[in-house]
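# Architecture at a glance
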Amino acid sequence: MTPRVHLTIVAWNSLRYLPELLASVEAQTFRDFQAFIIDNGSVDGSEAYVRAHHPRVAYLRNARNLGFAAAHNQGIRYALSHWPSDDLARRYALVVNPDVILAPDFLEKIVAAADAHPEAGSLGGKLLRASRERLEDEDLRETVKSDVIDSTGLRGTRARTVADRGAGELDRGQYDALTDVFGISGALALYRASALEDVKVDEEYFDADFFAYKEDVDLAWRLRLAGFSALFVPEARAHHHRAMGGSESAGAFKRLRERFGRSQARSGYSARNHWNMLMKDELFVNGLLASPWILCREALQLAYVAVFETRNLGAFVQALARLPRMLRKRREIMRSRKASAKEMRKWFV
């Protein structure tokens, strides 16, 4: 009998995080799962470590870095090829970043919620922040698990930006209700196999054209268009080492400082993929109604890039060059659309 949950980890020189993640995976109280690492060409000894210390974890090594989206698609396809086609509604793909640490009952809690809510195409737990801190008088670092929220699901705005709900807030129980959210962060997300099959485009679940960044938002948007809900399950807890974790409620100047701290490559991917996502997923009437907010945001971003990130001006050219491909994908997405324009508007406030 193939396991009900297929846990996919995409690693790229992630050895500093894998021991904690895999220890937390092995400690799960829910046991009906298979862990699978897709290695995007690591050169830090990740494969040797996993094969020596976690031989039950399946391991696939790519010759080069294919990106987050394409590598996770490999893992999901593998799982779907081994699951019975008539039981996909009760089978789940768990996408996990290598820098995540799961609570022992994470899978038990989130699978129980998924079984109880068949309308949910994706589910996520309460993701809190962790960091590596230097021990006193030593060069070693230890992981400190905080009560600062990293994500309790994704939340959209009228300008069509999407942020992690509650990011940067101290967890005081303000997000302790089981809640329908716009979508789930790709750092740690459980997807129903049947929902993934319903929204795949060109045999892809995550859009491999994105390579990295915003592919989780794009998938969340497509699941919503297809009529699936996204459920935040507060009892399912985990921690996430967030290298550049901002705050959802940050003001303009703080957001500007946070952007200065990002790599230009990350900002370029994010900008390009954001534009491609709008081309694919935004409904015309909703885009028209929200055009004052969208155009203002995009004009400010373009001005910022023109002054501070001139190297990323090519990201906008790349997005436009992909327009024919994005429109072809859009036609496929819209053919399976079930949600109305009004239903979609409520997620962008």
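All values reported here derive from a predicted model rather than from experimental measurement. (Residues numbered from 1 in each chain as written. Predicted model: local features only at pLDDT ≥ 70, side-chain atom pairs only at ≥ 80, totals over all residues. Heavy atoms only, no water.)

### Some words on helix 10 (residues 291-308)
Note the threshold: Numbering goes from the N terminus for both helices and strands, where a helix is a DSSP run of H or I of at least four residues and a strand is a run of E of at least two. By this rule the span expected of a helix is its residue count minus one, scaled by 1.5 Å. Whether a residue is buried, partly exposed or exposed follows from its accessible area with a 1.4 Å probe, protein chains only, as a fraction of its type maximum: under 20%, in between, or over 50%, in that order. Starting at the helix axis, one direction is taken to each C-beta atom, and the arc is that of these directions.
In this model, helix 10 (18 residues) spans 25 Å end to end at C-alpha, consistent with the 26 Å of a helix rising 1.5 Å per residue. Among all positions of helix 10, only I294, E298, Q301, Y304 and V305 are buried. Buried positions in helix 10, seen along its axis, are confined to an arc of 120° and lie on one side of it. Of the exposed residues in helix 10, the ones pointing more than 90 degrees away from its buried face are P292, L295, L300 and V307.

### Quick word on the nonpolar core
Our working definition: Side-chain atoms within 4.5 Å link the members of a nonpolar core, which is a set of buried Ala, Val, Leu, Ile, Met, Phe, Trp, Tyr and Cys residues. Contacts were defined at the residue level, with two residues in contact if any of their heavy atoms lie within 4.5 Å.
Membership of the largest hydrophobic core comes to 37 residues, with the highest contact counts inside it found for V5, I37, L94, F106, L123 and L188. The dominant element in this core, judged by the number of residues it contributes, is helix 4 (residues 106-116), at 6 residues. Every residue in contact with L188, bar those within four places of it in the chain, is listed here: L94, V95, V96, V100, L102, F106, G124, L127 and A238. Core analysis: the next-biggest nonpolar cluster, separate from the first, contains 29 residues, I149, A193, V199 and L219 among them.

### As for the packing of aromatic side chains
For any pair of aromatic rings, the description rests on two quantities: the centre-to-centre distance and the angle between the ring planes. This is how it is decided: Between 30 and 60 degrees the pair is tilted, below 30 it is stacked and above 60 it is edge-to-face, where a pair is any two Phe, Tyr or Trp rings, Trp via its six-membered ring, whose centres lie within 6.5 Å. Only when the NZ atom of a Lys or the CZ atom of an Arg is both within 6 Å of the ring centre and within 35 degrees of the ring normal do we say a charge sits over the ring.
Considering all chains together, one arrives at 10 aromatic pairs under this definition. Ring centres of F36 and Y78 lie 5.0 Å apart, and the angle between their planes is 65°; this geometry places the pair in the edge-to-face category. Pair noted here: F36 is in strand 2 (residues 33-39) and Y78 is in helix 3 (residues 68-82), with a separation of 42 residues, a long-range link. Residue F36 is classed as buried on the basis of its relative accessible area, which comes to 7%. Overall, Y78 belongs to the partly exposed group, its relative accessible area being 39%. On the numbers, 4.9 Å between centres and 40° between planes, the contact of W221 with F348 is tilted. Of this pair, W221 sits in helix 6 (residues 215-225) while F348 sits in the segment after helix 13 (341-345), placing them 127 residues apart in sequence. Relative accessible area serves as the criterion here: at 1%, W221 is assigned to the buried category. These aromatic residues form a ring-pair network of at least three members: F68, Y191 and F206. In this structure, R160 packs its charged tip against the face of F348, placed 4.4 Å from the ring centre. Here the basic side chain of R165 rests over the ring of F232, its NZ or CZ set 5.1 Å away from the ring centre.

### What about the pairing of strand 1 (residues 5-11)?
Each regular strand displays side chains that alternate between the two surfaces of the sheet. To be explicit about the condition: Whether two strands pair comes down to DSSP finding at least two bridges between them. Handedness of a crossover is defined as follows: orient the strands so they point away from the viewer, and if the path from the first strand over the helix to the second runs clockwise, the crossover is right-handed.
Most of strand 1 sits inside the fold, with 7 of its 7 residues counted as buried. Side chains V5, L7, I9 and A11 of strand 1 all project onto a buried face; the interleaved residues H6, T8 and V10 project onto the opposite face, where all are buried too. Two strands pair when backbone bridges link them, and strand 1 and strand 4 (residues 92-96) are joined in this way by 5 bridges, in the parallel orientation. Paired with L7 across the bridge in strand 4 is L94. Crossover handedness for the path strand 1 to helix 1 (residues 18-26) to strand 2: right-handed.

### Observations concerning the pattern of salt bridges
Filter applied, for reference: By salt bridge we mean one thing: a side-chain nitrogen of Lys or Arg within 4 Å of a carboxyl oxygen of Asp or Glu.
In this structure the tally under the stated criterion is 25 salt bridges. Note that K126 and D176 form a salt bridge whose closest N and O atoms lie 2.4 Å from each other. Here D176 lies in the loop between strand 9 (162-164) and strand 10 (179-181) and K126 lies in strand 6 (residues 120-134), a separation of 50 residues in the sequence. Judged by relative accessible area, K126 falls into the buried class, the value being 2%. Owing to a relative accessible area of 43%, D176 belongs among the partly exposed residues under this scheme.

### Some thoughts on unusual backbone geometry
Glycine aside, residues mostly have negative phi angles, and peptide bonds mostly take the trans form. Despite not being glycine, R160 shows a phi value in the positive range, around 70°. For R160, the position within the fold is in the loop between strand 8 (154-156) and strand 9. Given the relative accessible area of 3%, R160 is considered buried. Backbone geometry places F211, a non-glycine residue, at a positive phi of 65°. In this structure F211 comes out as partly exposed when scored by relative accessible area, which is 24%.

The quantities given are spatial measurements derived from coordinates; they are silent on function.
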